[in-house]
Amino acid sequence: MSRNSSLPVLLIFAALPALAQHGAANGEWRFYGGDAGTTKYSALDQIDASNVKDLKIVWQWKSQNFGRRPDFNWEVTPLMAGGNLYFTAGTRRDVIAADAATGETLWVYRLDEGARGVSPARVVNRGLAYWTDGKGDERILLISPGYQLVELNAKTGLPIPTFGKNGLIDLTEGLDRPNVKPGSIGASSPAIVVRDTVIVGAALLAGTAPPSKENVPGYIRGFDVKTGKRTWTFHTIAQPGEFGHETWENGSWKYTGNTGAWAPLSADEELGYVYIPVEMPTGDFYGGSHPGDNLFSDSLVCLDAKTGKRVWHFQLVHHDVWDWDIAAPPALVDITVDGKKIKAVAQVTKQALTFVFDRVTGKPVWPIEEKPVPQSDVPGEKTSPTQPFPTKPAPFDRIGTSIDDLINFTPELRAEAVKIANQFKLGPLYTPPIVRDTNGKSATLLLPAHVGGANWPGGAVDAETGVLYVASVTQQDPLALTVADPKRSDMGYVGGMGGPPRPGAPARVTPVGGDDSEQFAMRPAPKTNIGPQGLPLIAPPWGRITAIDLNTGDHLWMVPNGDAPDYVKNHPAMKGIDLSKAGRPSRSLLMVTKTLLFGGDGNNLWASPAGAGGNTFRAYDKKTGKVIHEMQLPAMTTGVPMTYMVKGRQFIVVAIGAAGVPAELVALALP
Amino acid sequence: MVRAQFLLLSACLLCLAATSVRDGVYSKAQAARGKVSYGQDCAKCHGANLEGGESAPPLFGPEFQTKWTGRTAGDLFNLILKTMPTDDPGSLSRRQCADLVAVVLESNDYPAGPKDLDSGADALAAIHIEPKK
């Protein structure tokens with residue numbers, strides 16, 4: 001009787017579109033970020049503060065033999081629909097369906113793209129998209145390493161023959177370039193499906209020192225989910241006659257590329273809108289080849305998902321020369337500000353700012369002020385006189401560099417830190433890079449650097465309370481330009497980073513325990529270690545989690561991401577110094593439920609230097625940030641965790657891996 | 001006496017073996033082979049054209065020259081062998097590492113020669129990295 005009586009309720013659920021702002025629905029996880037709004041929120045509550053200590057690994061799914069060589073940095077988050085998990089696996093990005101209760105592999109789809117997929121623009125991948133008509137037709141969408149859109153029958157893993165050409169669409173077509181070289185464009189994040197439209201972004205080669213100012217543009221495209229027909233293209237580089245075209249001066253719209261959207265996309269299924277976080281143009285640190293504000297680079301763009309028409313946009317960085325492109329998925333949440341209900345979208349950034357908009361109109365929830373910023377003196381460069389600063393919320397990490405930011409563990413270390421910092425040009429946020437060795441300074445010291453602040457993991461937002469949890473790293477980096485060798489690049493100037501210090505500067509070596517002396521001396525230095533004696537230059541915490549109430553714009557709490565990494569704890573100069581709140585220089589990958597906030601130590605942006613991440617997985621009190629429980633996983637978390645309920649049991653599944661430890665999924669549940 | 005002659009001969013051979021990256025110590029075919037490995041295992045961090053990336057230095061130009069001048073091809077080989085790729089250190093064969101050294105040398109405009117770079121430790125240690133002429 002009770003089973004029968006529940007049936008009409010289930011049918012009502014099935015008939016309604018999943019509500020973007022309400023988190024993952026019905027105990028499933030049908031989108032990369034839980035729901036279309038990338039909240040990474042689930043209302044499940046079986047695992048709570050009273051029993052989380054009993055979590056155990058109940059199954060593991062190993063990816064070691066998928067791909068030419070093992071994947072160690074698996075940024076995947078599986079989808080769960082109808083009791084099945086769907087995820088990409090291995091460096092070839094094979095598609096797997098597995099039983100969500102047991103981890104048993106149900107089917108595998110492997111696409112051998114030949115030369116096309118050998119050197120993809122992006123090796124890492126984060127997962128898949130799912131579509132259903134609610135009547136039994138279920139499909140899975142993959143973007144392959146070689147940039148093909150593939151649609152599979154979710155039940156069988158076989159390509160849908162009526163989609164594109166036998167289930168495949170060549171995404172390198174339609175990009176306004178006569179030839180698109182294999183490996184020049186791809187995707188690391190999945191597509192997103194809004195109603196019956198699949199929206200595809202793009203990830204291109206990084207542009208530290210690009211060989212040319214000319215590149216492929218990362219247009220955003222919409223495709224019919226049933227036929228694969230391309231229904232629209234949104235030019236992220238405004239073409240003649242389009243809004244913003246004048247922001248590409250000297251005809252630079254013709255040849256400039258990149259400006260894709262490599263972070264996960266978000267959408268509001270009720271509104272039918274998709275929210276696109278757009279990358280910067282070609283050349284991460286020099287924009288002399290494309291003067292102007294460069295719309296729609298570095299913008300949050302809201303499009304009508306059915307037509308691709310722009311509803312609104314906001315450019316978060318004008319003429320970016322810091323590689324502060326929009327790297328995190330927009331988070332959609334409904335909030336109440338001064339008694340007024342607002343359908344909001346919050347965008348966290350690499351430079352540790354949070355921009356909050358009414359997602360229907362694009363109007364800022366709190367004023368965003370255009371403020372004067374320092375200007376570039378690099379020949380040929382013309383930086384924007386102003387940049388936008390949100391009046392609220394406050395930055396969630398250190399921004400800009402000054403002597404006050406340096407480590408201060410002992411007077412001696414402080415003095416050394418000051419000496420090192422004085423090699424560099426310091427200044428507020430948006431201080432541009434300099435030409436190497438200008439006015440006695442070797443480089444601009446950026447804080448956050450281009451791999452600091454937030455990045456693709458973004459944050460998780462509690463769909464019921466409107467609290468955003470964001471993970472960030474306090475990552476500084478010297479950045480300088482050098483004249484490009486005309487034989488190698490027509491960019492004029494190219495960026496330089498990493499590598500050795502200038503003669504006479506302290507050595508960048510990493511005191512990692514347990515290595516033989518040769519390896520000890522040669523291990524590549526973690527990016528934080530430009531400070532005294534191989535220590536970080538900037539004071540801790542080096543990794544943190546910040547809770548921001550989006551109803552008020554106020555920070556609620558900030559906690560460090562665990563303690564210091566081993567390479568700092570074991571440093572002789574740190575003997576006797578309390579580093580328990582120093583935070584690991586890695587982003588915690590966050591997921592939030594009705595009861596708890598979950599996150600591991602995290603990996604780093606790429607394969608971490610040894611000791612930068614950690615194997616601890618934690619459950620936090622959402623109101624205070626207090627650690628309720630922590631446990632050790634077999635390796636570092638590399639993907640955002642997800643959760644679901646199947647057969648009356650709540651599972652948490654997360655991808656893990658580390659240097660030398662092939663990636664796997666681990667499933668946690670109560671006994 | 002025989003032993004002394006042997007030692008003298010060995011020393012001379014060593015003198016003759018000591019060479020420079022300017023002397024054509026790798027072959028073009030080897031560098032081409034190495035580029036395939038590079039694309040599969042190195043480009044994701046060091047960039048498609050060895051230009052460096054978000055977390056890895058460029059492998060040519062002033063930064064490379066400053067770091068490696070005065071060291072040997074063996075030092076570079078050992079770094080690759082023991083620490084690369086950073087997510088799976090130790091997974092490349094000696095031959096692959098020698099091919100990758102060839103890629104780096106070619107990218108720094110050191111000339112190719114008739115023979116492959118040998119992957120033996122002694123041979124590599126005798127090749128000095130000197131500034132470009």
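These figures come from a predicted structure and were not determined experimentally. (Residues numbered from 1 in each chain as written. Chains lettered and ligands numbered in written order. Predicted model: local features only at pLDDT ≥ 70, side-chain atom pairs only at ≥ 80, totals over all residues.)

Draft legend 1. Local environment of the overall build of chain B. Within chain B, the regular secondary structure consists of seven helices and two strands. Listed by position from the N terminus, the elements making up chain B come as α-β-α-α-α-α-α-α-β. Per-residue burial over chain B gives 45% buried out of 133 residues. Considering only residue pairs separated by 6 or more positions, chain B has 71% of its internal contacts joining residues 24 or more positions apart. (Helix = DSSP H or I, 4+ residues; strand = E, 2+ residues; numbered from the N terminus. Buried ≥ 20, exposed ≤ 12 C-beta atoms within 10 Å, placed from the backbone. Contact = placed C-beta atoms within 7 Å.)

Draft legend 2. Structural view of the overall build of chain A. For chain A, the helix and strand inventory stands at four helices and 42 strands. Against the 2.2 N^0.38 benchmark of 26 Å for 671 residues, chain A shows a C-alpha radius of gyration of 24 Å, consistent with a compact globule. Of the contacts formed within chain A by residues at least 6 apart in sequence, a portion of 63% connects residues at least 24 apart. (Rg over C-alpha atoms; globule rule 2.2 N^0.38 Å.)

Draft legend 3. A look at unusual backbone geometry. Residues and elements named next belong to chain A. In this structure, Phe296 follows Leu295 across a cis peptide bond, with omega equal to 10°. Here Phe296 lies in the loop between strand 18 (273–277) and strand 19 (299–304). Looking along the chain, the bond that leaves Lys392 and enters Pro393 is cis, with omega of -15°. Residue position: Pro393 is located in the loop between strand 25 (386–390) and helix 2 (411–421). Its identity as a non-glycine residue notwithstanding, Thr259 has a phi of 55°, on the positive side. Mapped onto the elements of the fold, Thr259 is located in the loop between strand 16 (230–234) and strand 17 (266–268). If you check the backbone angles, Asn439 has positive phi at about 50° while not being a glycine. Within the element layout of this structure, Asn439 appears in the loop between strand 27 (434–435) and strand 28 (443–446). When the 8 C-beta atoms within 10 Å are taken as the criterion, Asn439 is described as exposed.

Draft legend 4. Highlighting the sheet that holds strand 10 (residues 168–170) of chain A. Residue and element names in this part refer to chain A. On the basis of which strands lie adjacent, the open sheet formed by four strands has the order 7-8-9-10 and antiparallel pairing. Every interior strand has two partners, whereas the edge strands, strand 7 (129–132) and strand 10, have only one. Within this sheet the neighbouring strands show an average axis-to-axis angle of 20°, counted without direction. Pairing of strand 7 with strand 8 (residues 138–143) involves four bridges; the strand directions are antiparallel. (Pairing = 2+ DSSP bridges. Axes fitted to C-alpha atoms, helices over the stretch in contact; angles between N-to-C directions.)

Draft legend 5. Up close: the pairing of strand 41 (residues 649–658) of chain A. Residues and elements named next belong to chain A. Burial of strand 41 is extensive: nine of the ten residues sit out of reach of the surface. Note that strand 39 (residues 636–637) and strand 41 share two bridges and pair antiparallel. If you follow Thr637 over to strand 41, its bridge partner there is Ile656. For strand 40 (residues 642–646) and strand 41, the ladder comprises five bridges, and the chain directions are antiparallel. Within the sheet, the bridge partner assigned to Met645 lies in strand 41 and is Gln650. The hairpin formed by strand 40 and strand 41 contains two residues between the paired strands, and Lys647 there has a positive phi angle of roughly 50°.

Draft legend 6. Region of interest: the nonpolar core. Of all hydrophobic cores here, the largest spans 217 residues; its most connected members are Ile192 and Val274 of chain A together with Val101 of chain B. Here this core gets eight residues from one element, more than from any other, and that element is helix 6 (residues 94–107) of chain B. Leave out the neighbours within four places in its chain, and Val274 of chain A touches Ile192, Val194, Ile199, Leu265, Ala267, Leu303 and Ala305 of chain A. Judged by nonpolar contacts, the second largest core, of seven residues, contains Val473, Leu535, Trp542 and Tyr567 of chain A. (Core = buried A, V, L, I, M, F, W, Y, C linked by C-beta atoms within 7 Å.)

Draft legend 7. Layout of the confidence of the model for chain A. Residue and element names in this part refer to chain A. In this model, chain A carries a mean pLDDT of 90, and residues with pLDDT of at least 70 account for 91%. Under a pLDDT of 50 for its full length, residues 1–20 has, in the predicted model, 18 contacts with residues more than four places off or in other chains. Overall, residues 498–528 carries pLDDT values under 50, and its contacts beyond four positions in sequence, including any with other chains, amount to 62 contacts. (pLDDT = per-residue confidence, 0-100.)

Draft legend 8. Representation of the environment of Val123 of chain A in the model. With respect to the helices, strands and loops of the structure, Val123 of chain A is situated in the loop between strand 6 (105–109) and strand 7. As for Val123 of chain A and Asn73 of chain A, which are separated by 50 residues in sequence, their C-alpha atoms are 9.5 Å apart. For Val123 of chain A, the contacting residues outside a window of four places in its chain are Thr91 of chain A together with Lys44 of chain B.

Draft legend 9. Region of the structure containing the sheet that holds strand 22 (residues 340–348) of chain A. All names here are of chain A. With antiparallel pairing, the three strands of this open sheet are ordered in space as 21-22-23. Of all strands in the sheet, those bounded by a partner on one side alone are strand 21 (331–337) and strand 23 (354–358). Taken over all neighbouring pairs, the strand axes of this sheet differ in orientation by 40° on average, direction set aside. Pairing between strand 21 and strand 22: seven bridges, direction antiparallel. For Val333, the partnering residue across the bridge sits in strand 22 and is Ala344.

Draft legend 10. Spatial organisation of the environment of His629 of chain A. Residues and elements named next belong to chain A. With respect to the helices and strands, His629 occurs in strand 38 (residues 627–632). Of the residues examined, His629 has 17 C-beta atoms within 10 Å and is grouped as partly exposed. As a C-alpha pair, His629 and Ser119 span 510 residues in sequence and 41 Å in three-dimensional space. Once residues lying within four places of it in the same chain are set aside, the contact partners of His629 are Val52, Lys53 and Ala619.

Draft legend 11. A look at the packing of helix 5 (residues 73–83) of chain B against helix 6 of chain B. All names here are of chain B. Packing of helix 5 against helix 6 brings their axes to within 9 Å, and their N-to-C directions diverge by 125°. The orientation of helix 5 relative to helix 6 falls into the category oblique. Two packed elements cross with a definite hand, and for helix 5 against helix 6 that hand is right-handed. Two secondary-structure elements touch here, helix 5 through Ala73, Leu76, Phe77, Ile80 and Leu81 and helix 6 through Arg94, Cys97, Ala98, Leu100, Val101 and Val104. Each residue belonging to the contact of helix 5 with helix 6 can be placed in one class, and the counts come to ten nonpolar, no polar and one charged. (Parallel < 35°, antiparallel > 145°, perpendicular 65-115°, else oblique. Left-handed = near helix turned anticlockwise from the far one by under 90°. Nonpolar A, V, L, I, M, F, W, Y, C, P; charged D, E, K, R; others polar.)

Draft legend 12. Highlighting the pairing of strand 30 (residues 467–473) of chain A. Residue and element names in this part refer to chain A. When you tally the buried positions in strand 30, you get seven out of seven residues, the bulk of the element. Both faces of strand 30 are covered, namely the face carrying Val467, Tyr469, Ala471 and Val473 and the face carrying Leu468, Val470 and Ser472. Across three bridges, strand 29 (residues 459–461) lies against strand 30 in antiparallel orientation. Each residue of the ladder has a partner; that of Gly459, found in strand 30, is Val470. Between strand 29 and the antiparallel strand that follows it, strand 30, lie five residues; Gly466 among them carries a positive phi value of about 75°.

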